[in-house]
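Residue strings, one per chain:
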Amino acid sequence: MKEEFLVSILIPVYNRENLIEETVRSALSQTYTNIEIIIVDNKSTDKTWKVLENLALEDKRIKIFQNETNIGPVRNWKRCIDEASGEYGKILWSDDLIAPTFLEKTVPYLSDKDVGFVFTGTEIFIDGTNEKSSHYFIGESGTYESEKYINGVLFKGGYPVSPGCALFRLDDLKKNLLVDIPNKVESDFSMHAIGNDLLIFLLTANQYSKFAFVNEKLSFFRAHDGSISIKSDDRKLPLHYVLASAYFVENFRNDLVKKLNSKIYIQLFRYKKSASLYMMYNISDFYVENLNYSLDYSYILSKVFSVILRVIKG
């Protein structure tokens, strides 16, 4: 295929001496070869930097950088983006993998100026076991209306929140990665990094009429003790993703406020004890300026019925 566009593969890393080489080699194995691999080490305390130095000697497309001090995860993501010079950007987390044909299959979709991003089917595997599961298979390969992603990820599930399975234009990553997300509960998104990833998708989807999906398993997420999703309390994840969602809805999609209020209401009921630890007591705590706290009762009823059906089916 024609390879006129440089793709920047962006790998932020911290303390991954035993995993980073496999990740980098999955980037190097791309059949689409017009790439640069930007790796920023967030001042690791193990041998990660030494591994990177050795890898950089093997291939001139690998460009490594190291922060003088640990600047937190999201600022490290941003430095990767800032150091890149490609037309497209592909975030590859330092513990994950991509298939050799990932770029070959995704790059062509971004030739359509109405498409904001492309994501692929994903396998999540548990390190050291044979356990694995398939995710984000939403239909046939092709383009879809952006509204399908926005409503799907906010209210239905089954859509990715991690850009580790996606390809974006680099300019959109620069614009839509928010280091800090304004909020009323003093949550430091730059450090816990839960929700910044989702907002990359949401903000980009809001700026384009379409997204694309490749119905192939081309992304591989590794679940292990050191990953953010595993280290974070399982209640912290949904609460902070809905906090980030509230920022998006409040500022860009006021038409979805009632429906999101209903989701917040359900989350507060479900995780009441944990929510109080994060100073999340009422719907109002999820917004900075929005004063509309009314509910979409049809959404609440649909969720209740779905729970009942799951119980009946066992």
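Our subject in this report is the structure included herewith. What you are looking at is a predicted structure, and each value in this text was computed from that prediction instead of being measured. (Residues numbered from 1 in each chain as written. Predicted model: local features only at pLDDT ≥ 70, side-chain atom pairs only at ≥ 80, totals over all residues. Heavy atoms only, no water.)

Re the packing of aromatic side chains
Where we set the bar: What counts as a ring pair is set by centres within 6.5 Å for rings of Phe, Tyr and Trp (its six-membered ring), and what kind of pair is set by the plane angle: stacked under 30 degrees, edge-to-face over 60, tilted for all other angles. Helix and strand definitions here come from DSSP, where helices need a minimum of 4 consecutive H or I residues and strands a minimum of 2 consecutive E residues; each element is numbered from the N-terminal end. The rule is simple: take the accessible area with a 1.4 Å probe, protein chains only, and divide by the maximum for that residue type; under 20% is buried, over 50% is exposed, in between is partly exposed.
With the rule as written, the count across this model stands at 17 aromatic pairs. Centre to centre, the rings of Phe119 and Phe213 are 5.2 Å apart; their planes meet at 50 degrees, and the pair counts as tilted. Here the residue Phe119 occupies a position in strand β6 (residues 115-126), and Phe213 occupies one in strand β10 (residues 210-223), the gap between them amounting to 94 residues. Since its relative accessible area comes to 0%, Phe213 is described here as buried. Measuring from centroid to centroid gives 6.1 Å for Tyr149 and Phe211, while their planes differ by 70 degrees, and the two rings are edge-to-face. Of the two residues, Tyr149 is situated in helix α5 (residues 146-156) and Phe211 in strand β10; the sequence distance between them amounts to 62 residues. Like Tyr149, the residue Phe211 is buried in the burial classification. Put simply, the rings of Phe117, Phe119, Phe137, Tyr144, Tyr149, Tyr159, Phe168, Phe201, Phe211 and Phe213 pair up and form one aromatic cluster.

A look at the nonpolar core
Rules: Buried Ala, Val, Leu, Ile, Met, Phe, Trp, Tyr and Cys residues that are joined via side-chain atoms within 4.5 Å together make up what is termed a nonpolar core. Pairs of residues are marked as contacts when any of their non-hydrogen atoms sit within 4.5 Å.
Grouped together as the largest cluster of nonpolar side chains are 68 residues, with contacts concentrated most on Leu10, Phe119, Tyr149, Leu154, Leu199, Leu202 and Phe286. Here the element with the most residues in this core is helix α10 (residues 236-252); it accounts for 10 residues. Other than its neighbours up to four places away in sequence, Tyr149 contacts Phe117, Tyr159, Pro160, Val161, Leu198, Phe201, Leu202, Ala205 and Phe211. Judged by nonpolar contacts, the second largest core, of 33 residues, contains Leu97, Leu103, Val115 and Phe125.

Comments concerning the packing of α5 against helix α8 (residues 196-205)
Each pair of packed helices gets described by two things: the angle between the helix axes and the distance between those axes. Under the convention used in this document: Note on definitions: angles span 0 to 180 degrees between N-to-C directions of axes, and those axes are lines fitted to C-alpha atoms, for helices only across the stretch in contact. What makes a crossing left-handed is the near helix being turned counterclockwise from the far one by less than a right angle; a clockwise turn instead makes it right-handed. Each residue is assigned to one of three groups, with Ala, Val, Leu, Ile, Met, Phe, Trp, Tyr, Cys and Pro labelled nonpolar, Asp, Glu, Lys and Arg labelled charged, and all others, Gly among them, labelled polar.
In the contact formed by α5 and α8, the axes pass within 9 Å of each other and the chain directions differ by 145 degrees. Our pair here, α5 against α8, has a crossing hand that is left-handed. Along the contact surface, α5 presents Ser146, Tyr149, Ile150, Val153 and Leu154, while α8 presents Leu198, Phe201, Leu202 and Ala205. Taken together, the residues that form the contact of α5 with α8 break down as eight nonpolar, one polar and no charged.

Considering the state of the cysteines
This is how it is decided: Any two cysteine sulfur atoms lying within 2.5 Å of each other are counted as a disulfide.
The full count for this structure, using the stated rule, is zero disulfides. Counting only cysteine sulfurs, Cys165 is the nearest neighbor of Cys80, a cysteine outside any disulfide, at a range of 17 Å. With relative accessibility at 1%, the residue Cys80 sits in the buried group. For Cys165, a relative accessible area of 0% gives the class buried.

Topic: α10
For the record, the criterion: To estimate the expected span of a helix, subtract one from its residue number and multiply by 1.5 Å.
Its 17 residues place the ends of α10 24 Å apart at the C-alpha level, agreeing with the 24 Å of an ideal helix rising 1.5 Å per residue. Of all 17 residues making up α10, 14 are buried, and the element is well covered by its neighbours.

Examining the pairing of strand β4 (residues 88-91)
How we decide: Pairs of strands are assigned from DSSP output, requiring at least two bridges between the strands.
The alternating pattern of β4 places Tyr88 and Lys90 and Gly89 and Ile91 on opposite faces, both of which are buried. In this structure, strand β1 (residues 7-13) lies alongside β4, joined through four bridges in parallel fashion. Directly across from Leu10, in β4, lies its bridge partner Ile91. In this structure, β4 lies alongside strand β9 (residues 166-169), joined through two bridges in antiparallel fashion. Directly across from Tyr88, in β9, lies its bridge partner Arg169.

Some points on the packing of helix α1 (residues 20-28) against helix α2 (residues 48-56)
As a reminder, the rule being used: Under this scheme an angle from 65 to 115 degrees is roughly perpendicular, one under 35 degrees roughly parallel, and one over 145 degrees roughly antiparallel; angles in between are oblique.
The N-to-C vectors of α1 and α2 enclose an angle of 30 degrees; their axes lie 10 Å apart at closest approach. One finds that α1 runs roughly parallel with respect to α2. Crossing geometry of α1 relative to α2 is assigned as right-handed. Here Ile20, Glu21, Val24 and Arg25 of α1 come into contact with α2, specifically with Thr48, Val51, Leu52 and Leu55. Among the residues forming the contact of α1 with α2, the class breakdown is five nonpolar, one polar and two charged.

Considering the pattern of salt bridges
We apply this condition: By definition here, a salt bridge exists when the distance from a side-chain nitrogen of Lys or Arg to a carboxyl oxygen of Asp or Glu is within 4 Å.
Tallied over the full model, the rule gives 16 salt bridges. Each of Glu21, Arg25 and Glu58 takes part in one network of salt bridges that share partners.

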